[in-house]
Amino acid sequence: QCHKQFFLLQRVEKMGWNGAFKKIISFLFPRYFTGKMMARSIAVSGITAQKISKCITFYKNDTIAAPAVTQTGPKPLLLLLPWLGSRPRAVDKYCEIYLKTGFDVLVVESEVTHFLWPRWGLDYGAKILDVLQSQQFISRPLLVHSFSIGGFTFAQVMLHISRKSQQYQSLTNRIHGHIYDSLVVGSVERMATGVGKSMFPRLQGPVQGVSLLYFRVFKKYTVDYYNDSINVFWNTPVKAPALFFFCDNDPLSDSEEVEKLTGHWQTQGISVGKKRWKESIHAGHLREHPEDYLTTLHNFVQSLNLFGLKAKL
C-alpha cells in the first residue's frame, strides 16, 4: 500500500500538482468537473438576472414585493450558497422566498474542485469577497444563507476575513445574520461520505473509499486546509446572530457537533437560533417541514430588522 502511494506521488510530482489534480478529478467526477452551471428561472415578476461569473448570479428585485416594507437605506442583499449538485428548481424556491420579501439575491454556487482542492476554494473565497466589496454591493446590508457544502465555501470567505480583519471590518459589520442549513460538520470521514452521497448516491461506498484515499495521499493539500476552515468556523469573525437548521438522522451533518459548535458560539456572545428535527432530509428541511422551516426563518429574519417594517416571508 505504501509503495503504491509512493509511486503515485512520484507520478504526481512529475506532472505538477495542479495538472495531476485536474486529471484525477476529471476522471473520477467528469460531470462535476467540466459541467456548466445550470440556468435557473425565477418565477417572480420584475426580477432581472445578471451573470457575474460562471458560478455567481445576481438577481435584482425591481418590484415592491412586500407592501409592508419601507426602504430607508441600501436594499438588503441575500448571499445564497447552495449545496453541491443542487438543482436549479430547488434553489429557486429559496430565492423566491427572499425576493418576495424585498431582498436582492446573490447566488454563489460551489464546484467540486473548490472542495477537493481547497487551495482553489480559498481563491474562490477571495473572488467572492471582491464581488461583495465591488461598487455594486459595497454598501449593502448582508444576510448569508448557506446549505451543506456552501458552508465550506463561506468558511473560505471567513478565512480571508480573519487573516485581514481590519481590511474587511466594514464587510463584517455589514453582515446582519448568517443561516446554516444542513452544515457539513464532523470528521474527514463524514466529508468523504458527503462527497459520495452528493455525487454518486448509488456508488456511495466506493466513492467514499476513493475520497478517503485521496485525502490521505494529498493530506498537505486537503486535510490541512480543511482544518484551517474548521478552526475559523469555530472562532468565526462574524459575530452577527446565527440560525441553524439540522436533524439527527443526517449522515453528512453530525447533530451533536452542531450543538457543540452553536454552544461555543454562544460563549463568544453570538446569538444563536436552532431548529432541530429528529428526522428530516439533508438540505431538504423546507420540503419535509415547510411550516416549521418558514416560521423559524421568518422570525429570525424579522428579528434582524433589515427592513423598516416587518415583512412576511
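This report concerns the structure included in the present document. Owing to the predicted nature of the structure, the values given are computational and were not obtained by experimental measurement.

### Thoughts on the packing of helix α4 (residues 88–101) against helix α14 (residues 290–303)
Step number 1: It is at 13 Å that the axes of α4 and α14 come closest, and there the two elements cross at 40°. Our classification of the angle between α4 and α14 gives oblique. As for how α4 packs across α14, the hand of that crossing is right-handed. Together, Y94, I97 and Y98 of α4 and Y293, L294, L297 and V301 of α14 make up the contact between the two elements.
Step number 2: Partitioning the contact of α4 with α14 into residue classes produces 7 nonpolar, no polar and no charged.

### Considering the sheet that holds strand β5 (residues 142–147)
Step number 1: Strands sit in the order β1-β2-β4-β3-β5-β6-β7-β8 across an open sheet of 8 strands; the sheet is mixed. Whereas interior strands pair on both sides, the edge strands pair on one side only; in this sheet they are β1 (47–51) and β8 (272–277). Put simply, the sheet's adjacent strands are angled 15° from each other on average, direction ignored.
Step number 2: Both strand β7 (residues 242–247) and β8 contribute to a ladder of 6 bridges, which runs parallel.

### A few points about the nonpolar core
Step number 1: Of all hydrophobic cores here, the largest spans 41 residues; its most connected members are L106, F154, F244 and W265.
Step number 2: In contact with F154, not counting residues within four places along its chain, are L79, L81, V144, I175, Y180 and V238.
Step number 3: Counting 30 residues, the second largest nonpolar core, distinct from the first, contains V91, C95, F147 and I179.

### Describing the packing of aromatic side chains
Step number 1: Under the criterion given, the structure shown has 13 aromatic pairs.
Step number 2: Ring centres 6.2 Å apart and planes at 65° place the aromatic pair Y94 and Y293 in the edge-to-face group. You can see Y94 sitting in helix α4 and its partner Y293 sitting in helix α14, a full 199 residues away along the chain. This pair shows no difference in class: Y94 is buried, exactly as Y293 is.

### Things to note about the environment of L132
Step number 1: Mapped onto the fold, L132 is located in helix α6 (residues 118–132).
Step number 2: Distance in space between the C-alpha atoms of L132 and L106 is 9.4 Å, their sequence separation being 26 residues.
Step number 3: Not counting the four nearest positions on each side in its chain, L132 is found in contact with L77, L79, L106, F137, I138, L142, L171 and R174.

### What about the environment of F244?
Step number 1: Mapped onto the secondary structure, F244 falls in strand β7.
Step number 2: Spatially, the C-alpha atoms of F244 and V258 are 8.3 Å apart, while their sequence positions differ by 14 residues.

### Overview of the pairing of strand β3 (residues 77–81)
Step number 1: Along β3, 5 of the 5 residues are buried, which leaves the element largely enclosed by surrounding structure.
Step number 2: Across the two faces of β3 the burial is the same, with L77, L79 and L81 and L78 and L80 all buried.
Step number 3: Inspection of the sheet shows β3 paired to strand β4 (residues 104–108) by 4 bridges, in the parallel sense. Its bridge partner being in β4, L77 is matched across the sheet by D104.
Step number 4: Traced from β3 through α4 to β4, the parallel crossover comes out right-handed.
Step number 5: Two elements, β3 and β5, share 5 bridges in a ladder whose sense is parallel. Paired with L77 across the two strands is L142, which belongs to β5.

What counts and how
- Residues numbered from 1 in each chain as written.
- Predicted model: local features only at pLDDT ≥ 70, side-chain atom pairs only at ≥ 80, totals over all residues.
- Heavy atoms only, no water.
- Axes fitted to C-alpha atoms, helices over the stretch in contact; angles between N-to-C directions.
- Helix = DSSP H or I, 4+ residues; strand = E, 2+ residues; numbered from the N terminus.
- Parallel < 35°, antiparallel > 145°, perpendicular 65-115°, else oblique.
- Left-handed = near helix turned anticlockwise from the far one by under 90°.
- Contact = heavy atoms within 4.5 Å.
- Nonpolar A, V, L, I, M, F, W, Y, C, P; charged D, E, K, R; others polar.
- Pairing = 2+ DSSP bridges.
- Core = buried A, V, L, I, M, F, W, Y, C linked by side-chain atoms within 4.5 Å.
- Buried < 20%, exposed > 50% of the residue type's maximum accessible area, 1.4 Å probe, protein only.
- Phe/Tyr/Trp six-rings, centres within 6.5 Å; stacked < 30°, edge-to-face > 60°.
- Right-handed = clockwise from strand over helix to strand, strands pointing away.

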